[in-house]
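What follows is each chain in one-letter form.
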Amino acid sequence: MIIGTGVDMLEITRIKKMYEKRPGRTLEKIFGELEKEYILSKKNPYPHMAARFCAKEAFSKALGTGIGKMSLPEFQVVNDSKGKPEAIITGKANEILQELGGNSVHISLSHTKELAIAYVIIT
């Protein structure tokens, strides 16, 4: 049974400008440790930042709470051994997920040169 769905899209230049203005603050406020390692390992980190930011927004929409009810690093997107995105959910985000009866979070990420998008389904 699907509990919630969410989608979000972002212009990559928007997160690039935010990062260039305040790199440390942007990373700490938005991303968890595993995400930061992954993002900073990339030659061009901005599409990966944007896609993961979109996933956080899409997850909050799927929860039905909006982004203000959780700390962004509580929802991390990591890749499994085949490259499939998976969620690591902690803190308040996990509490809300459990209250809804969510067992699984399915994530799809994509980006072009200009845009990033993420789609999340909670079952």
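If you're wondering where the values come from, they're calculated on a predicted model, not measured in any experiment. (Residues numbered from 1 in each chain as written. Predicted model: local features only at pLDDT ≥ 70, side-chain atom pairs only at ≥ 80, totals over all residues. Heavy atoms only, no water.)

### Description of the pattern of salt bridges
- Taken as a whole, this structure holds 5 salt bridges when the rule is applied.
- The salt bridge involving Lys-36 is made with Glu-28; its shortest N-O contact spans 2.7 Å. (Salt bridge = Lys/Arg side-chain N within 4 Å of Asp/Glu carboxyl O.)

### Considerations on the sheet that holds strand E5 (residues 115-122)
- If you trace the 3 strands from one edge of the open sheet to the other, you get E1-E5-E4, paired in antiparallel fashion. The open sheet has two edge strands with one neighbour each: strand E1 (4-11) and strand E4 (105-111). Neighbouring strand axes in the sheet, compared pairwise and without regard to direction, differ in orientation by 10 degrees on average.
- In this sheet, E5 lies alongside E1 in antiparallel orientation, the contact comprising 8 bridges. Each bridged residue has a counterpart across the sheet, and for Met-9 the counterpart in E5 is Ile-117. (Pairing = 2+ DSSP bridges. Helix = DSSP H or I, 4+ residues; strand = E, 2+ residues; numbered from the N terminus. Axes fitted to C-alpha atoms, helices over the stretch in contact; angles between N-to-C directions.)

### So, the nonpolar core
- Grouped together as the largest cluster of nonpolar side chains are 33 residues, with contacts concentrated most on Ile-15, Met-49, Phe-59, Phe-75, Val-105, Val-120 and Ile-122.
- Mapped by element, the contributors of at least two residues to this core are helix H1 (12-21), helix H2 (23-30), helix H4 (46-63), strand E2 (75-79), helix H5 (91-100), E4 and E5.
- Top element by residues in this core is H4. It accounts for 11 residues.
- If we skip the residues at most four places from it in the chain, Phe-75 touches Glu-35, Ala-55, Lys-56, Phe-59, Met-70, Ala-87, Ile-88, Ile-89, Val-105 and Ile-107. (Core = buried A, V, L, I, M, F, W, Y, C linked by side-chain atoms within 4.5 Å. Buried < 20%, exposed > 50% of the residue type's maximum accessible area, 1.4 Å probe, protein only. Contact = heavy atoms within 4.5 Å.)

### What to know about the side chain of Arg-52
- With respect to the helices and strands, the residue Arg-52 is situated in helix H4.
- Buried charge Arg-52 goes without a salt bridge, the closest partner of opposite sign being Glu-35 at 4.9 Å. (Lys, Arg positive; Asp, Glu negative; His and termini not counted.)

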